[in-house]
Amino acid sequence: MSGVIVVLGRQGSGKGTQCGLLEQHFDGVVHVSTGDMLRDAATSGTPLGRRAEAIMTAGELVPDDVMCDVVAERLVPLLESGATVLLDGFPRTPAQAEALAGMTVPDGIAGAVLLEVDVAEVSERMLARGRDDDTVAGIARRLELYEAQTAPLVEWFAGRGLLQRIEGTGAPEEVFDRLAAAIGGLVPLRLSR
Ligand code: ADP
């Protein structure tokens, strides 16, 4: 059975780490990270990558129409193959959420999980991680855009009865267990061998 589960949370809340672990542990679960896709495109020097690189470094958002095409191209075949997709980094704006609803017709979005970690802690985590865009100014700009554009999506999902809030602090294994329980309530999960 296929399905899309949206993983929401501030930058640095552990979405990428946790989605990677879930993908490893459960059969048929695929982690789709738009940030990773854009960074891979930038490394390969594709037209998308060249366009996205400066935007990412500045902490700004890639335009909605570009992102929606990129995601649809990856998501639709995965869903047709029966995968459970953990979508990390998309949607990030209300227009992207509407587009995602369109991509998942007729099944709809299976659910959304929000990894809750406060601003002070995510800022610390990102500075420690030190990715190219994890400069003091870049982090501040991304967190500002998160509050303005992405935080309203929490209500978008909650209003559709799709949202589960997960405490994102504590040991990574504990966060993993909370997430696995939440996701296991949405789609059947089978341990990988
Ligand atoms: P973070 O959440 O820490 O900012 P990501 O890896 O999710 O890291 O994204 C890195 C950058 O990629 C973002 O700052 C943005 O420029 C771009 N990006 C990723 N996903 C999207 C999206 N859905 N819409 C617009 N831009 C995006």
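The structure under discussion appears in the preceding block.
The rules behind these values
Residues numbered from 1 in each chain as written. Predicted model: local features only at pLDDT ≥ 70, side-chain atom pairs only at ≥ 80, totals over all residues. Heavy atoms only, no water. Helix = DSSP H or I, 4+ residues; strand = E, 2+ residues; numbered from the N terminus. Rg over C-alpha atoms; globule rule 2.2 N^0.38 Å. Buried < 20%, exposed > 50% of the residue type's maximum accessible area, 1.4 Å probe, protein only. Areas by Shrake-Rupley, 256 points an atom, 1.4 Å probe, with all protein chains shown as cover. Lys, Arg positive; Asp, Glu negative; His and termini not counted. Charge placed at Lys NZ, Arg CZ, Asp CG, Glu CD. Pairing = 2+ DSSP bridges. Contact = heavy atoms within 4.5 Å. Near = heavy atom within 4 Å. Polar contact = N/O pair within 3.5 Å; in protein donor to acceptor, adjacent residues only side chain to side chain. Nonpolar A, V, L, I, M, F, W, Y, C, P; charged D, E, K, R; others polar.

1. Details of the overall build of the protein chain
When you go through the protein chain residue by residue, the secondary structure sums to nine helices and five strands. Ordering the α and β elements of the protein chain from the N terminus gives β-α-β-α-α-α-β-α-β-α-α-α-β-α. For 193 residues, the compact-globule estimate of 2.2 N^0.38 gives 16 Å, and the C-alpha radius of gyration of the protein chain, at 16 Å, lies within 12% of that figure. Buried positions account for 46% of the 193 residues belonging to the protein chain. By element, 53% of the accessible surface of the protein chain is carried by carbon and sulfur atoms, the whole surface being about 9400 Å². For the protein chain, the distance from the average site of its 17 positive side-chain charges to the average site of its 28 negative ones is 1 Å.

2. So, the pairing of strand S3 (residues 84-88)
Where burial is concerned, most of S3 is hidden: five out of the five residues are buried. With burial as the criterion, each face of S3 is covered, one bearing Thr84, Leu86 and Asp88 and the other bearing Val85 and Leu87. Of the strand pairs in this sheet, strand S1 (residues 3-9) and S3 are connected by five bridges, and their pairing is parallel. Within the sheet, the bridge partner assigned to Val6 lies in S3 and is Leu87.

3. A word on the side chain of Thr104
Summarising the element assignment, Thr104 is placed in the loop between helix H5 (94-103) and strand S4 (111-116). When residues no more than four places from it in sequence are discounted, the contact partners of Thr104 are Val4, Leu79 and Ile109.

4. A closer look at the site of the ligand
Taken together, 17 residues sit near the ligand, with Thr34, Arg39, Glu60, Gly89 and Arg142 positioned nearest. Contact distances for the ligand include 3.0 Å between an oxygen atom and a side-chain N or O atom of Arg92. Gln96 is positioned with one of its side-chain polar atoms (N or O) 2.9 Å from a nitrogen atom of the ligand. Taken by itself the ligand offers 540 Å² of open surface, and the protein chains cover 97% of this. Residue classes in the shell around the ligand are distributed as six nonpolar, five polar and six charged.

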